[in-house]
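Working through the structure, step by step
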Amino acid sequence: MPIPDYQSLMLPVLDFTRNREEYAIAKLRKYLEFKLKLTGDELAQRIASDSQTVFASRVAWAVQYLKQAGLLEAVRRGVYKITNRGSELLGGNPNEITTKTLRRYPEFLEFLGKSAPSEDVPNSTDLVETLETKDTPEESLENSFKVLRDALAHDVLEAIKNGSPAAFEQIVVDLLLAMGYGGSVDDAGKVVGKSGDGGIDGIIKQDKLGLDAIYVQAKRWKDVVGSPEIMKFSGSLTKKHANRGVFITTSTFTKDASEFVEAMPQKIVLIDGKQLASLMVEHDVGVSPTKTYTLKRLDQDYFENL
């Protein structure tokens, strides 16, 4: 089953602690893994911008919110116990516990207002907005980042399409260099876009020493690229006794083209317009940062060693 959102985990977390024993958060996770029958693949899912797993993050936030509402108490680092208030809430046999449930407690409202620090999850400067969603604050941040990144990639691709063929050739050079190929801009610029040799638009060093070469074809097309164009490129590689090639287009590839590449003796990578723009954003080609946000966590080792 899919990993439940953090609000759906609140009731099972609190219910597991109803016997008033102390539980480490690791034991809470183990219990929930068993109860929810989560698979290894589900447990291995990670937040893209973090080393923490999605499941661990959601359990941590469920515990955090229960603690801030006074339903759980932290008896020591990473160890929790149900409170009298938590027992009273369970005594009413609730069908669920959500942030709406927690808002009846003044401590929780105060927590939202001043964003109290946590020992298990990162601080949040504005938790109020997360109440209307089932995403954790990290997931909300991640989703917002993805939306902005996708919008930027779209703008980058439009800029490429509106540019000149010569500009596209330079973009290909700059991107491959930013990805670690070639020696210098001068070395790469001498060959890319100037060979005009039977389907080969350029050649770039695979490494800075030039021990091997990658043959490049760059098509600033509006039409979909099909298998015939890939076949021509493959034939050109064969004439050059080359076994590596990159076919870059501002459009897309047909299914036949993708399948043809899989059956070819050479290693040919197909990069469509969407992937091209994403790679440019990833490697800071044609884009520049506007703001940088650093997500921090409490350093328990620092305080324990004081």
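None of these values were measured; they are calculated from a predicted model. (Residues numbered from 1 in each chain as written. Predicted model: local features only at pLDDT ≥ 70, side-chain atom pairs only at ≥ 80, totals over all residues. Heavy atoms only, no water.)

**Section: the nonpolar core**
Put simply, the rule reads: Remark: nonpolar core denotes a set of buried residues (Ala, Val, Leu, Ile, Met, Phe, Trp, Tyr, Cys) joined through side-chain atoms within 4.5 Å. Buried residues are those whose accessible area, probed at 1.4 Å on protein chains only, stays under 20% of the maximum for their type, while exposed residues exceed 50% and partly exposed ones sit between those limits. Runs of E in the DSSP output that reach at least two residues are strands. Runs of H or I that reach at least four are helices, and both are numbered from the N terminus. Contacts were defined at the residue level, with two residues in contact if any of their heavy atoms lie within 4.5 Å.
In terms of nonpolar packing, the biggest core is built from 37 residues, with Leu14, Leu66 and Leu102 touching the most fellow members. Of all the secondary structure elements, the ones that give two or more residues to this core are helix 1 (6–16), helix 2 (25–36), helix 4 (54–68), strand 3 (79–82), helix 5 (84–91) and helix 7 (106–114). Broken down by element, this core gets its largest block of residues, 9 residues, from helix 4. The residues contacting leucine 14, other than those within four sequence positions of it, are Leu66, Leu71, Leu72, Ile82, Gly86, Leu89, Leu90 and Ile97.

**Things to note about the packing of helix 1 against helix 4**
So the rule is basically this: Lines fitted to the C-alpha atoms define the axes, with helices restricted to the stretch that makes contact. Angles between their N-to-C directions range from 0 to 180 degrees. Geometric relationships in this document are graded by angle, where less than 35 degrees denotes roughly parallel, more than 145 denotes roughly antiparallel, 65 to 115 denotes roughly perpendicular, and other angles denote oblique. Crossing handedness: left-handed means the near helix sits turned counterclockwise from the far one by under a right angle, and right-handed means the same turn made clockwise. In this classification, the charged set is Asp, Glu, Lys and Arg, the nonpolar set is Ala, Val, Leu, Ile, Met, Phe, Trp, Tyr, Cys and Pro, and all remaining amino acids, among them Gly, are polar.
With their axes 8 Å apart at the nearest point, helix 1 and helix 4 run at an angle of 65 degrees to one another. By the angle class used here, helix 1 and helix 4 are roughly perpendicular. Handedness of the crossing formed by helix 1 with helix 4: right-handed. When helix 1 is examined against helix 4, the residues Tyr6, Leu9, Met10, Val13 and Leu14 are found in contact with a partner set consisting of Arg58, Val59, Trp61, Ala62, Val63, Tyr65 and Leu66. A per-class count over the contact of helix 1 with helix 4 returns 11 nonpolar, no polar and 1 charged.

**A closer look at the packing of aromatic side chains**
What counts, and what does not: Under the pairing criterion, centres of Phe, Tyr and Trp rings, with the six-membered ring standing for Trp, must be within 6.5 Å; the plane angle then separates stacked pairs below 30 degrees from edge-to-face pairs above 60, leaving the rest tilted.
Summed over all chains, the structure comprises 9 aromatic pairs. Seen from their ring centres, tyrosine 65 and phenylalanine 108 are 5.4 Å apart, and the 65 degrees between their planes marks the pair as edge-to-face. In this pair, tyrosine 65 is assigned in helix 4 and phenylalanine 108 in helix 7, connecting sequence segments 43 residues apart. Classification of phenylalanine 108 as buried rests on a relative accessible area of 0%.

**Details of the sheet that holds strand 6 (residues 244–249)**
Keep this limit in mind: Strands are labelled as partners when DSSP assigns at least two bridges between them.
One open sheet holds the 4 strands; their spatial order is 4-5-6-7, and the pairing between them is mixed. At either margin of the open sheet sits one strand with a lone partner, and together these are strand 4 (202–205) and strand 7 (267–271). Between one strand and the next, the sheet's axes are offset by a mean angle of 25 degrees, whatever the strand orientation. As paired strands, strand 6 and strand 7 are joined by 5 bridges and run parallel to one another. Bridged to glycine 245 within strand 7 is isoleucine 268. Strands strand 6 and strand 7 of the sheet are contacted by helix 13 (residues 273–282), whose axis makes an angle of about 85 degrees with strand 7.

**Description of unusual backbone geometry**
Phi is positive for asparagine 93, which is not a glycine, with a value near 50 degrees. Within the element layout of this structure, asparagine 93 appears in the loop between helix 5 and helix 6 (99–102).

**A closer look at the pattern of salt bridges**
Put simply, the rule reads: Salt bridges are identified by distance alone: a Lys or Arg side-chain nitrogen within 4 Å of an Asp or Glu carboxyl oxygen.
Enumeration over the complete set of coordinates arrives at 7 salt bridges. Between arginine 18 and aspartate 15 there is a salt bridge whose closest N-O contact spans 2.7 Å. A salt bridge links glutamate 33 to lysine 30; its shortest N-O distance comes to 3.9 Å. Here lysine 30 and glutamate 33 lie together in helix 2, a separation of 3 residues that amounts to about one turn. Residue glutamate 33 is classed as partly exposed on the basis of its relative accessible area, which comes to 21%.

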